[in-house]
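# Structural overview for review
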Amino acid sequence: MAKIPINMQSGEIEKKEIIIGIDLGTTNSLVAYIDNGIPAIVKDNNSQNTLVPSVILFGEEDQIVVGDLAKSQIILRPERTIYSVKRLMGKSYNDVENYEKLLSYDIIDQENELVKVKVGNRFYNPIELSSEILKYLKTRIEKHLGESVSKAVITVPAYFNDSQRQATRDAGKLAGLDVLRILNEPTAASLAYGFGTKEDKKETIAVYDLGGGTFDISILKLDHGVFDVLSTDGDTFLGGDDVDRAIIDHWIKEKGIDLSRLEEDKSLGQALRLRAEQAKKALSAQNEYRSDDGEYALSHEIFHALVQPIIQRTIDKCQSALNEAELKTEDIDKIILVGGSTRMPLVKKTVSDFFGQKAYDDINPDEVVAIGAAVQADILSGNTTGYLLLDVTPLSLGIETMGGLMDTIIPRNSKVPASVGRSYTTSVDGQKNLKVSVYQGERELVENNRKLGEFILKDIPPMPAGIPKIEVRFILDADGILRVRAKEERSGKETEVVIKSQYGISEEEMGKMLLDSLKHADADMKKKALLESINEAQSILRAGEKFVIQNKEILSEEEIEKLNQHILSLSSAIESKDRNQIESEMKSLNDYSTPLAERAMDHNIKKALSGKKLA
Ligand code: AMP
């Protein structure tokens with residue numbers, strides 16, 4: 001008898017799985033899905049709110065509360081109430097040092113690791129914190145649907161770098177969600193408006209997104225239902241929070257509030273923050289703000305003067321994005337407003353004036369991204385066809401070359417997915433290893449860009465400098481996750497790595513994190529890094545010694561002595577097992593020997609040619 005698959009026995013039509021769309025915001029987050037072709041944002045049962053404040057409260061007994069209830073505790077329990085986590089995503093302590101003083105909770109420095117938030121005696125990293133918000137959203141929609149969900153599309157600002165995207169993906173995983181797509185928020189917004197999907201129109205659209213913590217401007221081209229992002233620009237530290245802060249600073253000056261008092265009394269700072277936000281929102285609808293107790297007031301004129309410079313910064317970014325796309329304001333057919341801060345009439349007016357036409361604001365600017373995420377989720381679940389999403393990489397990707405220079409392989413605003421290869425060679429005779437350091441950013445020197453990771457192509461067969469042909473290939477997938485492959489073409493030696501962002505979290509670490517025991521993984525990682533450095537240093541040491549022996553006749557006594565000194569310092573650095581020292585000595589030896597090696601090479605070529613008659 002033939003076996004019948006169980007799910008077909010009842011004769012049911014197979015129901016498609018619901019994939020959810022999540023807007024994980026700095027200030028608020030939302031969860032949405034498409035219900036028979038109609039977007040639905042899931043509301044809170046009691047308050048009927050669609051927005052979930054991105055706030056997490058850790059109770060005294062470690063119980064975790066997310067959303068409105070947590071937000072209501074910001075003043076009472078500032079040290080235990082965590083907000084603006086998105087700003088910390090994928091960041092090291094150094095990245096957020098300047099920002100720390102603005103937070104009412106403690107953040108902790110741990111070298112080469114994700115920044116951590118300290119609550120009581122415990123530490124949480126932004127991935128864990130964001131996963132709490134995602135878990136809350138997952139539970140909210142599961143309650144609403146009466147079934148469990150496991151797949152999601154999560155949006156991120158277009159300006160998010162690889163570390164931040166990876167951190168967001170990891171947070172989803174930790175919340176028990178299979179993150180099918182990390183989608184740029186502006187792309188989601190245009191999906192929500194359904195632009196370019198039905199007609200065979202060609203249009204250019206600007207998406208202006210001013211939220212609580214971030215600003216993004218994207219220029220999209222729609223052509224026969226195809227989305228193409230021409231350029232993106234923005235600032236991960238610009239938004240409604242800055243407006244609140246400008247109001248607070250104004251009140252501090254006006255009332256002569258002592259700054260040391262604010263340092264000591266964190267609840268006072270928070271009270272001011274909430275008042276400022278209240279004033280800002282009130283002034284979107286009326287001319288004057290006065291607090292209930294009559295203590296704080298703000299006029300329309302002063303408010304405008306405070307906000308104007310902040311809006312001007314966004315307009316400057318709009319101009320840069322247009323320049324990048326080689327377009328003028330007249331070339332833009334539509335402008336979409338996204339983010340709660342675009343409710344400010346002055347923002348609407350300034351943006352509309354700049355582009356010379358009225359901006360679209362019909363869809364609630366708080367919900368438009370979540371709706372777009374749900375539309376994308378619906379496409380992925382196979383319910384909607386006819387879309388093709390092309391996205392671009394927001395920052396250039398490249399590797400470090402001689403002298404610490406950035407050699408860009410995939411320029412910013414390139415379409416993804418992308419695969420680009422470039423050939424390199426060695427700089428030292430007999431060089432066995434080649435370190436490939438991968439960076440992201442626009443500056444000339446890698447030290448000013450962001451390091452995403454590094455690896456070493458090992459066991460290159462010994463050949464004179466310049467002879468090996470090494471192809472470094474960058475393969476960037478649709479989510480902006482990068483794979484880098486290095487291959488020595490003559491010998492076929494090949495190494496490939498997935499560039500997990502430097503502050504990201506590996507599968508292995510994620511498991512350990514769940515058990516709250518990252519300590520050992522840390523030590524292992526450091527040990528491995530040290531071993532790798534020692535291996536490399538030893539091979540450089542051998543090459544150096546050989547170089548001195550082989551080139552005695554062309555090196556001066558002083559040069560030989562200096563080289564020997566460098567060799568000696570490197571060998572004692574290896575013995576000290578101090579990774580930083582090894583790296584620095586390797587660099588010194590390398591820096592000193594590179595010009596000598598070049599001279600030796602010239603000499604050897606001349607010698608090889610002498611006596612030979614050239615035709
Ligand atoms: P989002 O990150 O998109 O959720 O945006 C939240 C930001 O929008 C916060 O800074 C809010 O204070 C701000 N916002 C929300 N409603 C208004 C309003 N009516 N007027 C001015 N700003 C608002």
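For the structure, check the block above.
As a convention, each chain's residues are numbered from 1 in the sequence order in which they are written. The predicted nature of this model means local features are confined to residues of pLDDT at least 70 and side-chain atom pairs, given and counted, to a pLDDT of 80 or more, with totals for whole chains, interfaces and linings taken over all residues. Computation of side-chain values covers all heavy atoms of the structure but excludes hydrogens and water.

This part takes up the overall build of the protein. A run of DSSP states H or I qualifies as a helix once it reaches four residues; a run of E qualifies as a strand once it reaches two. Both are numbered from the N-terminal end. Helix and strand content of the protein: 15 helices and 29 strands. In the protein, the proportion of contacts linking residues at least 24 apart, taken out of those at least 6 apart, comes to 65%. Each accessible area is a Shrake-Rupley result for a 1.4 Å probe, and residues are judged covered by the shown protein chains and nothing else. Counting every atom, the protein has about 29600 Å² of accessible surface; 50% of that belongs to carbon and sulfur. When checking whether two residues touch, look at their non-hydrogen atoms; a contact exists if any pair is within 4.5 Å.

What follows covers a negative patch on the surface. The patch calculation keeps residues exceeding 30% relative accessible area without a salt bridge and links them within 9 Å when they carry like charges or within 5 Å when they are nonpolar (Val, Leu, Ile, Met, Phe, Trp, Tyr). What makes a salt bridge here is a side-chain nitrogen of Lys or Arg within 4 Å of a carboxyl oxygen of Asp or Glu, nothing more. Under this rule, positive means Lys or Arg and negative means Asp or Glu; His and the chain ends count for nothing. Charge positions are represented by NZ for Lys, CZ for Arg, CG for Asp and CD for Glu. A cluster of like negative charges, contributed by Asp258, Glu263, Glu264 and Asp265, occupies part of the molecular surface. Locating aspartate 265 in the fold gives a position in the loop between α7 (259-264) and α8 (266-282). A relative accessible area of 33% means that aspartate 265 is categorised as partly exposed. Under the scheme applied here, a residue whose accessible area is under 20% of the maximum for its type counts as buried, over 50% as exposed, and between as partly exposed, the area being computed with a 1.4 Å probe on protein chains only.

Near the ligand there are 15 residues, and of these Gly212, Glu277, Lys280, Ser284 and Gly340 occur at the shortest range. Taking lysine 280, its side chain carries an N or O atom lying 2.6 Å from an oxygen atom of the ligand. Pairs of N or O atoms within 3.5 Å make up the polar contacts considered here, provided that, within protein, one atom can donate a hydrogen while the other can accept it, and that residues adjacent in sequence are counted only when both atoms are side-chain atoms. At 3.3 Å, a side-chain N or O of arginine 343 approaches a nitrogen atom of the ligand. When isolated, the ligand has an accessible area of 500 Å², and the protein chains bury 88% of it. Broken down by element, the residue count for the shell around the ligand peaks at three residues, all from α8. The rule for a residue being near a molecule or strand is that one of its heavy atoms must lie within 4 Å of it.

Moving on to helix α5 (residues 185-193). Burial runs high along α5: nine of the nine residues are buried. Buried residues of α5: Glu185, Pro186, Thr187, Ala188, Ala189, Ser190, Leu191, Ala192 and Tyr193, and no others. Glycine 194 lies just past α5 and shows a positive phi near 70°.

Here helix α3 (residues 126-145) spans 28 Å end to end across 20 residues, near enough to the 28 Å set by a 1.5 Å rise per residue. With 14 of 20 residues buried, α3 is to be regarded as a mostly interior element. Two or three places before isoleucine 127, at the start of α3, stands the capping residue asparagine 125, its side-chain oxygen 2.9 Å from that residue's backbone nitrogen. To estimate how far a helix should reach, multiply one less than its number of residues by 1.5 Å.

Only strands joined by at least two bridges in the DSSP assignment are considered to pair. Pairing within the open sheet is antiparallel, and its four strands lie in the order β24-β27-β28-β29. Either end of the sheet is taken by a strand with one partner, and the two such strands are β24 (418-424) and β29 (494-499). Going from strand to strand, the sheet's axes swing by 15° on average, the running direction of each strand aside. When β24 meets strand β27 (residues 470-476), the two strands line up antiparallel, connected through seven bridges. Looking across to β27, one finds that arginine 422 is bridged to valine 472. A fitted line through C-alpha atoms serves as each axis, taken over the contacting stretch for helices, and the angle formed by two N-to-C directions is quoted from 0 to 180°.

Turning to its location among the elements, serine 130 is positioned in helix α3. Taking relative accessible area as the criterion, serine 130 reaches 2% and is therefore assigned buried. Serine 130 has contacts with Leu24, Val85, Met89 and Ala171, leaving out every residue within four places of it along the chain.

Among buried residues, those of type Ala, Val, Leu, Ile, Met, Phe, Trp, Tyr and Cys that are joined through side-chain atoms within 4.5 Å constitute a nonpolar core. Core analysis: the biggest nonpolar cluster contains 48 residues, and Ile20, Ile22 and Ile107 have the highest contact counts within it. Among the elements that take part in this core, α3 stands out by supplying six residues, more than any other. One finds Ile217, Tyr289, Leu346 and Ala359 within the second-largest nonpolar core, a separate group that totals 43 residues.

Attention now goes to the sheet that holds strand β22 (residues 405-410). Read from one edge of the open sheet, four strands run β22-β21-β25-β26, paired in antiparallel fashion. Unpaired on one side and paired on the other, β22 and β26 (450-457) mark the two borders of the sheet. Direction aside, the axes of adjacent strands within the sheet are offset by 30° on average. The pairing of strand β21 (residues 397-401) with strand β25 (residues 434-440) spans three bridges and is antiparallel. Pairing of glycine 398 across the sheet is with tyrosine 439, part of β25.

Here the focus is unusual backbone geometry. For serine 84, which is not glycine, the phi dihedral falls at a positive 55°. Among the secondary structure elements, serine 84 is positioned in the loop between β7 (81-82) and α2 (93-100). Residue classification places serine 84 among the buried positions, given a relative accessible area of 5%. Its identity is not glycine, yet glutamate 326 carries a phi of approximately 55°, on the positive side. By the secondary structure assignment, glutamate 326 is in the loop between α9 (300-324) and β18 (334-338).

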